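Letter by letter, the chains look like this.
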Amino acid sequence: MYLQSQKEVSDALAQVGYLPSTEIATTVFLATKLAKPILVEGPAGTGKTELAKALSRAFSLELIRLQCYEGLDESRALYEWDYRKQLLALQAGADQEVQSIFSQEFLLERPLLAALRGEAEKILLIDEVDRLEVETEALLLEVLAEFQVTVPELGTVVATSKPIVVLTSNGMRELSEALKRRALYLYLDYPSQARELDIVRTAIPEIEEELAERLVAIVARLRSLDLKKSPSIAETLDWGRSLMALSVDSLDDDVLTATLPILLKHRADIERALKELSPRAS
């Protein structure tokens, strides 16, 4: 993908509803120029995964997602062989010669391999990479260093068109230095009230200004509390859309009691929030 400036990145993302900071636009621009992955860290719900999705929409690129989890292995990340099809081919070989059961015909692509193959450029999202065991990170290093993977039976697959790689981490564990060296680093925290207000206005254009300001102020207040799970940007937008669906024009105690579960998903968090907010609700 050829980009001329950070502004081109910023404008393209804004057109699909993602309002990037200067830091985000700069990092994405440099990632395309230097052919480097982007490692995006920060609390859950700050727009890390959404950045990859927005890039896919903004530049009309296929999004390939590898969702990481404990126990993820090579067969789920890179490739595996279609054993059922191989068995059928071997059985058929009693009557006809089977040249090889380890050929393209029997290969099942998984996200990392799929992102490297084909002529079209893609977005490769490696989501929640911090959930992997340390040893499993080695699966990613060849891809991130050389944009290639080795299939022993077929040889080395080199990317015809290098994907734009976005790795996300919620900071559950420290990632290896080898992985970090291969990526540009971007930290996404919860937005300021002013920026989140812009996000709400963009995503919910029909919302009244006073309600939007009140909503964003309450979310900021909740994030300052010691909660089990602070509300994400997506949950802020869900709350705003829910208030629109309910034709709400002010946030009084009754509305807060009825709708806070849209923002908070733990009973103790809801009870604490109501205690903190109800005296201040208008």
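This is a predicted model, so every value here is computed, not measured.

Enquirer: Break down the overall build of the protein for me, with residues and values.
Expert: Each helix and strand in the protein was counted, giving 13 helices and nine strands. The principal-axis extents of the C-alpha atoms in the protein amount to approximately 80 × 45 × 35 Å. A buried classification covers 45% of the 282 residues belonging to the protein. If you take every contact in the protein between residues at least 6 apart in sequence, the share linking residues at least 24 apart comes to 73%.

Enquirer: Break down the packing of helix α11 (residues 233-245) against helix α12 (residues 253-263) for me, citing the residues and quoting the values.
Expert: α12 packs onto α11 with a crossing angle of 140° between their chain directions and a minimal axis gap of 8 Å. Here α12 runs oblique to α11, going by the angle between their axes. In this structure, α11 crosses over α12, and the sense of that crossing is right-handed. When α11 is examined against α12, the residues E235, T236, D238, W239, S242 and L243 are found in contact with a partner set consisting of V255, L256, T259, I262 and L263. Taken together, the residues that form the contact of α11 with α12 break down as six nonpolar, three polar and two charged.

Enquirer: So, the pairing of strand β1 (residues 38-41): which residues are in play, and what are the values?
Expert: What you see with β1 is no split at all: I38 and V40 on one side and L39 and E41 on the other are buried throughout. Bridge analysis of β1 against strand β8 (residues 164-169) gives four bridges, and the strand direction is parallel. What sits directly across from V40, in β8, is T168. Where β1 meets strand β9 (residues 184-187), four bridges bridge the pair, whose relative direction is parallel. For L39, the partnering residue across the bridge sits in β9 and is Y185.

Rules behind the numbers
Residues numbered from 1 in each chain as written. Predicted model: local features only at pLDDT ≥ 70, side-chain atom pairs only at ≥ 80, totals over all residues. Heavy atoms only, no water. Helix = DSSP H or I, 4+ residues; strand = E, 2+ residues; numbered from the N terminus. Buried < 20%, exposed > 50% of the residue type's maximum accessible area, 1.4 Å probe, protein only. Contact = heavy atoms within 4.5 Å. Axes fitted to C-alpha atoms, helices over the stretch in contact; angles between N-to-C directions. Parallel < 35°, antiparallel > 145°, perpendicular 65-115°, else oblique. Left-handed = near helix turned anticlockwise from the far one by under 90°. Nonpolar A, V, L, I, M, F, W, Y, C, P; charged D, E, K, R; others polar. Pairing = 2+ DSSP bridges.

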